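These are the residues of each chain, in order.
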Amino acid sequence: QVQLVESGGGLVQPGGSLRLSCVASGSILSLNTMGWYRQAPGKQRELVATITSGGRTNYAMSVKGRFTISRDNAKNTVYLQMNSLKPDDTAVYFCNSDVTGRLGLRYVYWGQGTQVTVSS
């Protein structure tokens, strides 16, 4: 019983910023690699950024230098700070986490997604 809930999406102008949050709750022993994915209309879902439990990060080339992924292990939360937003960043953003439950089983969980729209 693990849930991921995203928040922070919305409408911003080009060049603006947003901060997305994703909180994991439930029977969690540990959160392993966490990440953000996005899917725009007519396009395939793509990886945006990931972060390991030790803090190692990985970014898609399209967002590198503009987006920053971080995590707060005490709060079971992963963040995505998005700066210098472009219309091409418009998409539904999904939180993802590799979770080890309290019974020792390991699964990948997804949130429901949050809409980010970049438009003037």
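Look above for the structure.
I will try to describe carefully the structure that is included in this document. Keep in mind that what you see is a predicted model, and the values were worked out from it rather than measured.

### A look at the overall build of the protein
The number of helices and strands found in the protein is zero helices and 11 strands. The N-to-C order of helical and strand elements in the protein reads β-β-β-β-β-β-β-β-β-β-β. On C-alpha atoms alone, the protein measures out to a radius of gyration of 14 Å, which is about the 14 Å that the 2.2 N^0.38 rule sets for 120 residues. Across its three principal axes, the protein shows a C-alpha extent of roughly 50 × 25 × 25 Å. A buried classification covers 42% of the 120 residues belonging to the protein. Considering only intrachain contacts with a sequence separation of at least 6, the fraction spanning at least 24 residues in the protein is 54%. Between the mean site of the 12 positive side-chain charges and the mean site of the 6 negative ones, the protein shows a separation of 5 Å.

### Digging into the state of the cysteines
Counted under the stated rule, the structure contains one disulfide. The side chain of Cys22 participates in a disulfide bridge whose partner is Cys95; the two sulfur atoms lie 2.0 Å from each other. Measuring handedness by torsion sign, the sulfur bridge of Cys22 and Cys95 sits at about -80 degrees and is left-handed. Within this pair, whereas Cys22 is found in strand S3 (residues 18–26), its partner Cys95 is found in strand S9 (residues 91–101), the two being separated by 73 residues in sequence.

### Some thoughts on the packing of aromatic side chains
A complete count under the given rule lists two aromatic pairs for this structure. The residue whose ring lies beneath Arg45 is Phe94, and the NZ or CZ to ring-centre distance is 4.1 Å. Sitting above the plane of the Trp110 ring, Arg45 keeps its charged end 5.0 Å from the centroid.

### Some points on unusual backbone geometry
Within the chain, Asn76 stands out as a residue other than glycine whose phi angle is a positive 50 degrees. Here Asn76 shows up in the loop between strand S7 (67–72) and strand S8 (77–82). Located in the positive-phi region is Ser84, a residue other than glycine, with phi close to 50 degrees.

The rules behind each value
- Residues numbered from 1 in each chain as written.
- Predicted model: local features only at pLDDT ≥ 70, side-chain atom pairs only at ≥ 80, totals over all residues.
- Heavy atoms only, no water.
- Helix = DSSP H or I, 4+ residues; strand = E, 2+ residues; numbered from the N terminus.
- Rg over C-alpha atoms; globule rule 2.2 N^0.38 Å.
- Buried < 20%, exposed > 50% of the residue type's maximum accessible area, 1.4 Å probe, protein only.
- Contact = heavy atoms within 4.5 Å.
- Lys, Arg positive; Asp, Glu negative; His and termini not counted.
- Charge placed at Lys NZ, Arg CZ, Asp CG, Glu CD.
- Disulfide = S-S within 2.5 Å.
- Phe/Tyr/Trp six-rings, centres within 6.5 Å; stacked < 30°, edge-to-face > 60°.
- Lys NZ or Arg CZ within 6 Å of the ring centre and 35° of its normal.

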